[in-house]
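Structure at a glance
Chain by chain, the residues run as shown.
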Amino acid sequence: MAPSKSNSTGDASVSCPQPENGCLNSLSLLSSEKAVEELLEQSPLQETDDHLIEFSEAMRTVAKALRRAAEGKASAQAEAVEWKRKYELERARNLHLEHKGPSHRENNGDDERIENLARRSNDQSEQCCGSNGICSHEVLRDGECDTDSKSLLNKFARKASFKLSWWCKGDQSDQHKHDIVSFERGNITTAERSSKQISLKWETQPRTVLILTKPNSTSVRILCAEMVRWLREQKKLDIYVEPRVRVELVTESSYYNFVQTWKEDTETMLLHTKVDLVVTLGGDGTVLWAASMFKGPVPPVVPFSLGSLGFMTPFHSEQYRDYLDSLLKGPISITLRHRLQCHVIREAAKNEYETEGPILVLNEVTIDRGISSYLTNLECYCDNSFVTCVQGDGLILSTTSGSTAYSLAAGGSMVHPQVPGILFTPICPHSLSFRPLILPEHVTLRVQVPFNSRSHAWASFDGKDRKRLAAGDALVCSMATWPVPTACQVDSTSDFLTSIHDGLHWNLRKTQSYDGPRDI
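Since this is a predicted model, take the numbers as computed values, not measurements.

**Thoughts on the pattern of salt bridges**
Enumeration over the complete set of coordinates arrives at 12 salt bridges. Note that arginine 229 is salt-bridged to glutamate 233, the shortest N-O span being 3.7 Å. Of the two residues, arginine 229 and glutamate 233 both sit in helix H6 (residues 218–235), four residues apart, roughly one turn of that helix. Judged by relative accessible area, which is 33%, arginine 229 ranks as partly exposed. We note a salt bridge from aspartate 368 to arginine 466, for which the minimum N-O separation is 3.1 Å.

Put into structure tokens, the structure is as follows:
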């Protein structure tokens, strides 16, 4: 950006240093804006000299140019973060493909069987991609890049394998569509993928179950002990629980010494390599806790309703034996609940790679004013486009699974969880025309606190882990790679409608009387 000059009685100029990458330094922008404000304040109010009026207008033009430069920097940072995310995904994919290559062969019969199992899993992954339009091994693959190919094959043998496919209500159903875009005789038709139900079918029998429970509940503790005993004696499964739960079980009876747990929090990073199925006993908060434990792939989750509302818990605990018996046999109707991946970029960061995160959320990330009495001032960008400046109590970036949570209370729409998208919902905006948005899943959102904001902002992730956002700090949010697969009692649509009917009493009113006046 070239220096701007204006003359009054002499020559006055404001210079803007330009780094090599073409983006202006934030500190220089701030100091330049302050210098402009000081010059404007020093302008005499009593004189009406034309040169001073022209000088003031020139200073205002410089201030606008500095603001555009700051917006350009924010756009460049958002683009750099997106390129970094794409690079990491491509690098992980390449490493995954490298370990699919030739491995060490041995004449031992067990090793040969494991190698054949791994090769068959890869072949089925390619066939699934070509025929059904969705690859379960890509959606829910383990994602571990071990240097030893033998350990990779052992992982295939230890964990139960499964595949996902689009399920239709019979070949004669109207929902039986092709998962492609068709150009036939000049007419464009597309597949209605959201109308299809995803089905999970076990290829090997599940061996390990992780049970997560709501704390401080006597009924949940009793049900957990009963379920652990039944899964061990009737299904011969290995059981994992949290350290707190294992202490409660062993204190009750030494019979539960077989129950496994972990000692360090870092061990939870490898849970997805050991666990075939996750069972939650509680409400939606327990499902959120289960999702937060897995920073990468998430095993299928079976949520039992023992909470208040239960938008994500369709199974009733009274019939857990019948449900689990059916789910362990398969196939299972699955809802893939998308998660958001969030990074915090501080203003003092030397580059866009110095971020705090990633932080994965299943419901929403909220940016609010905290204890401050001032309105929040948030600049929002979608990819390279400026969206708006939020002035109000805050902003909610929600998944479709979280559309029935905080976003709904703030006036957002209820959205089917299978619809891929990001909800952009303001909290008490100081504008009557500020309506919520639903953005596509592929975009990257950036929310930045401008330098002229009166106060700091606070970001919370699924209601916890609050972080302060000072002037110049930014929150970058995009759709995460790893969804949370939750089991359905019937299918995703039936479970969603049942949850809003039972939980919210949606559109519940008395039926109009039939014996009133009629238009015949």
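**Regarding the environment of tyrosine 240**
Examined against the element boundaries, tyrosine 240 turns out to sit in strand E8 (residues 238–241). Using a relative accessible area of 11% as the deciding quantity, one classes tyrosine 240 as buried. Separated by 21 residues in sequence, tyrosine 240 and threonine 261 place their C-alpha atoms 5.4 Å apart. Excluding residues within four positions of it along the chain, tyrosine 240 makes contact with Thr208, Val209, Leu210, Ile211, Gln260, Thr261, Trp262, Leu271 and Lys274.

**Description of the packing of H6 against helix H9 (residues 320–329)**
Remark: H6 packs on H9, axes separated minimally by 12 Å, with the N-to-C direction vectors making an angle of 45°. Judged by the angle between their axes, H6 and H9 are oblique. Between H6 and H9 the crossing geometry is right-handed. Two secondary-structure elements touch here, H6 through Leu223, Glu226, Met227, Trp230, Leu231 and Lys235 and H9 through Tyr320, Arg321, Leu324, Asp325 and Leu328. Along the lines of polarity and charge, the residues of the contact of H6 with H9 split into seven nonpolar, no polar and four charged.

**Here we look at the packing of H6 against helix H7 (residues 243–252)**
At their nearest, the axes of H6 and H7 sit 11 Å apart, and the two run at 75° to each other. The angle between the axes of H6 and H7 places the two elements in the roughly perpendicular class. On H7, the residues that touch Arg221, Cys224, Ala225 and Val228 of H6 are Val245, Glu248, Leu249 and Glu252. Class assignment for the residues of the contact of H6 with H7 results in five nonpolar, no polar and three charged.

**Focus on the pairing of strand E15 (residues 364–368)**
Taking burial as the measure, the five residues of E15 include five buried ones, the bulk of the element. Side chains of E15 alternate between two faces, with Glu364, Thr366 and Asp368 and Val365 and Ile367 buried alike. Strand direction decides the pairing type here: E15 and strand E17 (residues 385–398), joined by five bridges, are antiparallel. Of the residues in E17, the one forming a bridge with aspartate 368 is glycine 394. Of the pairings in the sheet, the one linking E15 to strand E21 (residues 457–461) comprises four bridges and is antiparallel in character. From the neighbouring strand, threonine 366 faces E21, where its bridge partner is serine 460.

**Some words on the confidence of the model for the protein**
Detailed reading of the predicted coordinates is not advisable wherever pLDDT falls low. Confidence along the protein averages 78 in pLDDT terms, with 72% of residues attaining 70 or more. Ignoring residues within four places in sequence, the model shows residues 1–24, a span with pLDDT below 50, making 33 contacts including any to other chains. In this model, residues 171–180 is a region of pLDDT below 50 whose contacts with residues beyond four sequence positions or in other chains number 19 contacts.

Thresholds applied
Residues numbered from 1 in each chain as written. Predicted model: local features only at pLDDT ≥ 70, side-chain atom pairs only at ≥ 80, totals over all residues. Heavy atoms only, no water. Salt bridge = Lys/Arg side-chain N within 4 Å of Asp/Glu carboxyl O. Helix = DSSP H or I, 4+ residues; strand = E, 2+ residues; numbered from the N terminus. Buried < 20%, exposed > 50% of the residue type's maximum accessible area, 1.4 Å probe, protein only. Contact = heavy atoms within 4.5 Å. Axes fitted to C-alpha atoms, helices over the stretch in contact; angles between N-to-C directions. Parallel < 35°, antiparallel > 145°, perpendicular 65-115°, else oblique. Left-handed = near helix turned anticlockwise from the far one by under 90°. Nonpolar A, V, L, I, M, F, W, Y, C, P; charged D, E, K, R; others polar. Pairing = 2+ DSSP bridges. pLDDT = per-residue confidence, 0-100.

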